[in-house]
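Inside the fold
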Amino acid sequence: MDESRAVGESALRKAGRRLIPVMVLCYFFAYLDRTNLSVASLTMNESIGLSASAYGLGAGLLFLGYVSLEVPSNLMLHKVGARIWMCRIMVTWGVVASAGALIQGEKSFYLLRLLLGLAEAGFFPGMILYLTYWFPAAQRARVTAQFMIAVPLSSALGSPLSGLLLKLHGLAGLQGWQWLFVIEGLPSVVLGVMLLWLLPDRPAAASWLTPGERTWITSTLAAEESAVRRGREMTVRQSLGDKRVLGLSVVYFALAFGLYGLGFWMPQIIKKSLDIQSDLRVSLLTALPYALGAAAMVIWGRRCDRGGQTPGYTALPMVLGGVVLAGSALLTESPWLGYGGLCVCSIGIMAAFPAFWSLPSGILAGVAAASGIAVINTLGNVAGFVGSYWMGWMTDLFGDSRWALVTVGAVMSGGGLLVLKAGSGLRHQSDPKLLTGQLS
């Protein structure tokens, strides 16, 4: 092994061990604070008198606040650095998440969800951008999968935790769902403050890297960025209207439509379809699809890096998950087969995420990457609002969730087919043999 490669492997192992666990922990609580509403709804909806449509609307309002500030938030991170900006985001959203205990009816529910979205805006695309400051393209699907494993873990571990917190009903005069919001929001505030010491802005500021390791990461990423720029230099304004960026945004809409359409409704679907009275048992059954998705995310992310990060690695799990979900909802009366469809769809969603987020850096670099990634996440996350409300509206309209699930499956499958066209030419040119060492 030559000296340069040894230095590179050492640098990326250190970066992976120092940064990824911190990022995973932050995203764990970010996603938990965003979606713990699904478990809270098992008792909250009846307590404050929310219909399915009103609940779906409120769940989705988070994303209207979220998408409105995505691009400026990412540009601010690029300007002032991740350390300060991520601290600001996490402390703000932690406070607002805990304030969910103050919800008393529809209006306060809508307001708090909107404020939570405004507070969290920029976190996820900022972290995706942050990974491009540290890891070469040939490693990026793998580290993205390691970072994004927080999504299924927050549901796999967070759902049972939330189910247990519901049992605090009556303690100090608060209902269980109020304790859920208070207790699960506070860790984000503590973590946000800790980021001032744990999250160096760039490799040059990392005291735990040797000078040679800092130089290797900086020069390697600079060479990759230069290659992207030579392919096509892109300004912020151009990135906002680039056809490939907009195409990937539509694909991400389809992926997020499945993620949040199921995420906010799965506990209620499971409770009603399987006729389960125990909220704790419901939360445990909710955890299983996400536990399977976590394993699929890591395995498929590694496969994607070895295969060259082509759009097909995004398309296959999206189409498979969407078709199985729609088929299980439409063609069977067995509630447990329907539950199996939820599991397969969750696996497809989680596997597609790291493969998808390896694609934008094939066309974007520098400040254009900051804006372009934010645009994709912004337009895609409109699905968080549309999907959540659509599920509630369809459930009220037909009396059950069957046709809503068919719609989710169809949208996901369509997005999977679209990525094959939208992602044309986005295969990374980086040598996948650049590094073979493990980052964990």
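Residues numbered from 1 in each chain as written. Predicted model: local features only at pLDDT ≥ 70, side-chain atom pairs only at ≥ 80, totals over all residues. Heavy atoms only, no water.

Remarks on the overall build of the protein
- In terms of helices and strands, the protein carries 19 helices and 0 strands.
- Per-residue burial for the protein yields a buried fraction of 60% across its 440 residues.
- Within the protein, residue pairs in contact and separated by at least 24 positions form 85% of the contacts whose partners lie at least 6 positions apart.
- Carbon together with sulfur atoms contributes 66% to the accessible area of the protein, which is approximately 16500 Å² in total. (Helix = DSSP H or I, 4+ residues; strand = E, 2+ residues; numbered from the N terminus. Buried < 20%, exposed > 50% of the residue type's maximum accessible area, 1.4 Å probe, protein only. Contact = heavy atoms within 4.5 Å. Areas by Shrake-Rupley, 256 points an atom, 1.4 Å probe, with all protein chains shown as cover.)

Details of the confidence of the model for the protein
- Across the protein, pLDDT averages 85, with 89% of residues at or above 70.
- Mean pLDDT across the elements of the protein ranges from a minimum in helix H12 (residues 236-241), with 63, to a maximum in helix H10 (residues 176-198), with 95.
- pLDDT under 50 marks residues 428-440. Its contacts with residues more than four places away, or in other chains, come to 39 contacts. (pLDDT = per-residue confidence, 0-100.)

As for the environment of Thr 92
- Note that Thr 92 resides in helix H5 (residues 82-98).
- Take Thr 92: its relative accessible area is 30%, and that puts it in the partly exposed class.

Considerations on a nonpolar patch on the surface
- A surface patch of nonpolar side chains, about 720 Å² in accessible area, is lined by Leu 330, Leu 331, Tyr 389, Trp 393, Leu 397, Phe 398 and Trp 403.
- Elements supplying a minimum of two residues to the nonpolar patch: helix H16 (312-331) and helix H18 (366-398).
- Per element, the largest residue contribution to the nonpolar patch is 4 residues, and it comes from H18. (Patch = residues over 30% accessible without salt bridge, like charges linked within 9 Å, V, L, I, M, F, W, Y side chains within 5 Å. Salt bridge = Lys/Arg side-chain N within 4 Å of Asp/Glu carboxyl O.)

Regarding the packing of H5 against helix H6 (residues 106-120)
- In the contact formed by H5 and H6, the axes pass within 8 Å of each other and the chain directions differ by 165 degrees. Here H6 runs roughly antiparallel to H5, going by the angle between their axes. Where H5 crosses over H6, the handedness of that crossing is left-handed. Contacts between H5 and H6 involve Arg 88, Ile 89, Thr 92, Trp 93, Val 96 and Ala 97 from the former and Leu 112, Leu 115, Leu 116, Ala 119 and Glu 120 from the latter.
- Classifying every residue of the contact of H5 with H6 gives 8 nonpolar, 1 polar and 2 charged. (Axes fitted to C-alpha atoms, helices over the stretch in contact; angles between N-to-C directions. Parallel < 35°, antiparallel > 145°, perpendicular 65-115°, else oblique. Left-handed = near helix turned anticlockwise from the far one by under 90°. Nonpolar A, V, L, I, M, F, W, Y, C, P; charged D, E, K, R; others polar.)

Some thoughts on the packing of helix H4 (residues 70-80) against helix H7 (residues 123-132)
- Relative orientation of the contacting elements H4 and H7 amounts to 40 degrees, with a least axis distance of 9 Å. Crossing handedness for the pair H4 and H7: right-handed. Where H4 abuts H7, its residues Glu 70, Asn 74, Leu 77 and His 78 lie against Pro 125, Gly 126 and Leu 129.
- Split by residue class, the contact of H4 with H7 holds 3 nonpolar, 3 polar and 1 charged.

Structural notes on the environment of Leu 417
- Inspection of the secondary structure puts Leu 417 in helix H19 (residues 402-422).
- In this structure the C-alpha to C-alpha distance between Leu 417 and Leu 316, which are 101 residues apart in sequence, comes to 8.5 Å.

What about the pattern of salt bridges?
- All told, the structure shown has 5 salt bridges when counted by the stated rule.
- Here Arg 13 ties to Glu 9 by a salt bridge, and the two come within 3.8 Å at their closest N and O atoms. With Arg 13 and Glu 9 both in helix H1 (residues 3-35), this residue pair falls 4 residues apart, about one helical turn.
- Of the charged contacts in the structure, one is a salt bridge between Lys 14 and Glu 213, with a shortest N-O distance of 3.0 Å. Of this pair, Lys 14 sits in helix H1 while Glu 213 sits in helix H11 (residues 211-231), and the two are 199 residues apart along the sequence.
- The network of salt bridges with common partners includes Arg 5, Glu 9 and Arg 13.

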